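Here are the chains, one letter per residue:
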Amino acid sequence: MKKITTLAALLLVLPAAWAGSEDTYAEFKAMMDRSFQTNGIAAKHRMYQLDFQKACSVEKQPSKQVMAQIEAAQLKTIRYPADGKYFGNWKEGEKIAVSGRGLTWTDQTPHNNGGGCYNCHQMSHHEVSYGTIGPSLLEYGKVRGNSDEIVKYTWGKIYNAKAFNACSNMPRNGDAEILTEQQIKHLMAFLFDPASPVNQK
Amino acid sequence: MLAPKKYTVFVLAALLAGPAFSASASDKLLDGINEYREALADGNPSELAAAEGEELWKTKRGPKNSSLERCDLGLGPGVIKGASAQLPRFFKDTGKVQDLETRLMTCMETLQGLDPQAVVKAGWLKGEKEKVAALVAYVVTESNGHKIKIDMRPPEMKKMYEMGKLAFYHRAGPMDFSCATCHGEQGKRIRMQELPDLRTQEGAAAGWGSWPAYRVSAGQFWTMQHRLNDCYRQQRAAEPIYGADVTIALSVYLAATANGGKVVTPGIKR
């Protein structure tokens, strides 16, 4: 709640962060409001934006100042594992990375979601069907090593990608409750375990 | 006639079926898909739907027991040739910007007395929505090879373009996606699926100009409304109401961006 109000204030101070006029925006909001309906778990209120989503709904990225403000607020949402254990089972992690399922109106529950990582990333040596919206993560652990710093950064990136790049295309898997803490642990193992096909041919 | 076509469709479907591609690289697979697309181009599986649509166009239906032969798609009553290449457009009689599907609904209502809500409420490929899809297949076949020619002079069109552009960049929902997340950069893919950059003339012409289309993987003919609906589903958005203003606004944005490009409809897609 707090992060939303701070950013709202900043957006007021910097009207240039949103290019259109307020009249046009009001008209647009009314159009969106009458154009959508709830279907199953995809409730109509999904179309209402968080402040940072609004700030990032522009052709060009917002100013450095707005970006930094968003990143600082998003960084605070990250919950690191309570038991200090960052790694689960890479085999489970692979399944989560492969599955692009979840959160559409044809899904029955908002739980049991996939990570959809392969939609955007190359990850392992044997999966050739990968998307390119995100950078290649091939040999992630082998290349990056497993220092505390890189492990913590990677956890944070998966938990809330916006903490490191305000308008990232990557979802906030932890903060938006797309994945559970346990699922993120499995994904961490998939990225870092030397035996995982991410790091081994 | 039909048998060889069915066979190629089957081969293409098999090619695209699953993640179980052999060792061959992804580029090879994409080449294969493009080759099959070319092979299919002489015999379009949408022909069946188009034939059905042509018959429907000429059939007397509804409380007014009338055909659609006097329907005005923008070029005058009954003129189909080239009509969908110039849609969406502003229509004076309804005072609205309409795409092909909402314009067909207007004709069904005024000429035949059919309730537009029967179309809006029907499931995809069912009931009155299936009938509209067949009509769409017929109409767009008659614009194949034409140039996309959107009349952007009316202020209503300019307004819709502006609204459509805002909708294109509108990030929302649990995954923070907008259309631009998937269609806002050149040369990107989701899994093996190539994504056109819909912000550019070239990308929009390829993406807009090749819809509506026959989807080989589903064995179904999909209208543009159906395409947009499924992209909103993938976006994890709420569901856009059939023919709602947001769908018209996005269509104006895409079509105007594509202006001058070539129409290849009905398209053939994965």
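Refer to the structure printed above.
Just so it is clear, the model here is predicted, and its values are computed rather than measured.

Colleague: Please set out the pattern of salt bridges residue by residue, giving values where relevant.
Modeller: Enumeration over the complete set of coordinates arrives at 20 salt bridges over all chains. For Arg233 of chain B, the salt bridge identified is with Asp230 of chain B, shortest N-O distance 2.8 Å. With Arg233 of chain B and Asp230 of chain B both in helix 10 (residues 224–234) and 3 residues apart, the pair spans about one turn of that helix. Linked by salt bridges that have partners in common, Lys162, Arg172 and Asp175 of chain A together with Asp176 of chain B make up one network.

Colleague: Tell me about the packing of helix 2 (residues 22–35) of chain A against helix 11 (residues 245–258) of chain B, and name the residues and values.
Modeller: Helix packing geometry: the angle between the two helix axes and the distance between the axes. Running from N to C, helix 2 of chain A and helix 11 of chain B point in directions that differ by 120 degrees, and their axes come no closer than 8 Å. It follows from the interaxial angle that helix 2 of chain A and helix 11 of chain B lie oblique. Within the contact between the two elements, helix 2 of chain A uses Met31, Met32, Arg34 and Ser35 of chain A and helix 11 of chain B uses Asp245, Val246 and Ala249 of chain B. Class assignment for the residues of the contact of helix 2 of chain A with helix 11 of chain B results in 4 nonpolar, 1 polar and 2 charged.

Colleague: An account of the state of the cysteines is requested, with residue identities and associated values reported.
Modeller: This structure, assessed with the given rule, holds 2 disulfides over all chains. Each sulfur in the disulfide pair Cys71 of chain B and Cys107 of chain B lies 2.1 Å from the other. On the sign convention where negative is left-handed, the bridge of Cys71 of chain B and Cys107 of chain B, at about 75 degrees about the S-S bond, is right-handed. Of the two residues, Cys71 of chain B is situated in the loop between helix 3 (47–58) and strand 1 (89–91) and Cys107 of chain B in helix 4 (residues 100–112); the sequence distance between them amounts to 36 residues. Taking relative accessible area as the criterion, Cys107 of chain B reaches 4% and is therefore assigned buried. In this structure Cys120 of chain A is a free cysteine whose sulfur lies 6.9 Å from that of Cys182 of chain B, the closest cysteine sulfur available. Looking at Cys179 of chain B, it has no disulfide partner, and the nearest cysteine sulfur is the one in Cys231 of chain B, 7.5 Å off. Among the residues examined, Cys179 of chain B registers a relative accessible area of 12% and is labelled buried.

Colleague: Run through a nonpolar patch on the surface, naming residues and quoting values.
Modeller: Residue and element names in this part refer to chain A. A contiguous nonpolar patch, built from Leu75, Tyr153 and Phe164 and spanning about 250 Å² of accessible area, is present on the exposed surface. Turning to its location among the elements, Leu75 is positioned in helix 4 (residues 64–75). Under the relative-accessibility criterion, Leu75 is labelled partly exposed at 42%.

Thresholds applied
- Residues numbered from 1 in each chain as written.
- Chains lettered and ligands numbered in written order.
- Predicted model: local features only at pLDDT ≥ 70, side-chain atom pairs only at ≥ 80, totals over all residues.
- Heavy atoms only, no water.
- Salt bridge = Lys/Arg side-chain N within 4 Å of Asp/Glu carboxyl O.
- Helix = DSSP H or I, 4+ residues; strand = E, 2+ residues; numbered from the N terminus.
- Axes fitted to C-alpha atoms, helices over the stretch in contact; angles between N-to-C directions.
- Parallel < 35°, antiparallel > 145°, perpendicular 65-115°, else oblique.
- Contact = heavy atoms within 4.5 Å.
- Nonpolar A, V, L, I, M, F, W, Y, C, P; charged D, E, K, R; others polar.
- Disulfide = S-S within 2.5 Å.
- Buried < 20%, exposed > 50% of the residue type's maximum accessible area, 1.4 Å probe, protein only.
- Patch = residues over 30% accessible without salt bridge, like charges linked within 9 Å, V, L, I, M, F, W, Y side chains within 5 Å.
- Areas by Shrake-Rupley, 256 points an atom, 1.4 Å probe, with all protein chains shown as cover.

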